[in-house]
Amino acid sequence: MTGQPLVPPFTHATAVAKVRRAEDGWNSRDPEKVALAYTPDSRWRNRSEWVTGREEIVAFLTRKWAGELDYRLIKELWAYTDDRIAVRFAYEWHDGAGNWFRSHGNENWEFDDSGLTRTRHASINDVPIEESARRYRWPLGRRPDGHPGLGELGF
């Protein structure tokens, strides 16, 4: 599936690949790159914040990753239809004071015909953890193939 456009209508295989591509993009922690996966007028709800358009997405992600240090994310397909995908996810990060967190949540995505995300709704809860409780210890960047997913980790 690498390199092939992943556009609606989704099959199980293309939905799984779309989720992995999104995970890989977010694990790059590159706001400009991530924003290109969204329509120019994409609308987000992230927790209680509303974001509209790529410029606001870049600003949001820049701010997010400036405070969520050593961010590592795993996403997993939950459900899909022709032009929508639901995922669950968990990511680990620490703040500037060295306090570690695991953030759990779910997202609902709606896509345009070209496969760009038109709408994203994210609900997220942060749980403080000890550094010793971390489960995501791969080098920063893409999660390695073969690393356990959420279900395998018991999340």
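See the structure printed just above.
Residues numbered from 1 in each chain as written. Predicted model: local features only at pLDDT ≥ 70, side-chain atom pairs only at ≥ 80, totals over all residues. Heavy atoms only, no water.

A separate point is the packing of aromatic side chains. Scanning all chains against the criterion turns up twelve aromatic pairs. A centroid spacing of 5.3 Å and a plane angle of 25 degrees characterise the contact between Y136 and W138, whose relative ring orientation is stacked. Considered together, Y136 and W138 belong to a single accessibility category, that of buried residues. For Y136, a relative accessible area of 0% gives the class buried. Three or more aromatic residues link up through ring pairs in this structure, and these residues are W26, Y38, W44, F60, W65, Y71, F89 and Y91. Taking the ring centre of W26 as reference, the NZ or CZ of K75 above it sits at 5.3 Å. Over the ring of W100 we find R134, and its NZ or CZ is 4.2 Å from the ring centre. (Phe/Tyr/Trp six-rings, centres within 6.5 Å; stacked < 30°, edge-to-face > 60°. Buried < 20%, exposed > 50% of the residue type's maximum accessible area, 1.4 Å probe, protein only. Lys NZ or Arg CZ within 6 Å of the ring centre and 35° of its normal.)

Our next topic: the nonpolar core. With 19 residues, the main nonpolar core has W26, W44, I57, L61 and Y91 as its most contacted residues. No other element matches helix 3 (residues 53–67), which puts five residues into this core. Residue contacts for W44: discarding those within four places in its chain leaves W26, Y38, E49, W50, V51, I57, F60, L61 and R120. Listed in part, the nine residues of the second largest apolar core include V19, L77, I85 and W109. (Core = buried A, V, L, I, M, F, W, Y, C linked by side-chain atoms within 4.5 Å. Helix = DSSP H or I, 4+ residues; strand = E, 2+ residues; numbered from the N terminus. Contact = heavy atoms within 4.5 Å.)

Turning our eyes to something else, we now look at the side chain of N46. If you trace the backbone, N46 turns up in strand 1 (residues 38–46). Those residues within four positions of N46 in sequence are excluded, and the remaining contacts are F60, R120, A122 and I124.

A word on helix 1 (residues 12–28). In a regular helix each residue adds 1.5 Å, so 17 residues correspond to 24 Å; helix 1 covers 25 Å between its end C-alpha atoms and thus fits that length. Burial analysis of helix 1 places twelve of its 17 residues in the buried class, which makes it a mostly covered element. Residues of helix 1 that are buried include every one of T14, A15, A17, K18, V19, R20, A22, E23, D24, G25, W26 and N27, and no others. Positive backbone phi, at 55 degrees, marks R29, one or two positions downstream of helix 1. (Expected span 1.5 Å × (residues − 1).)

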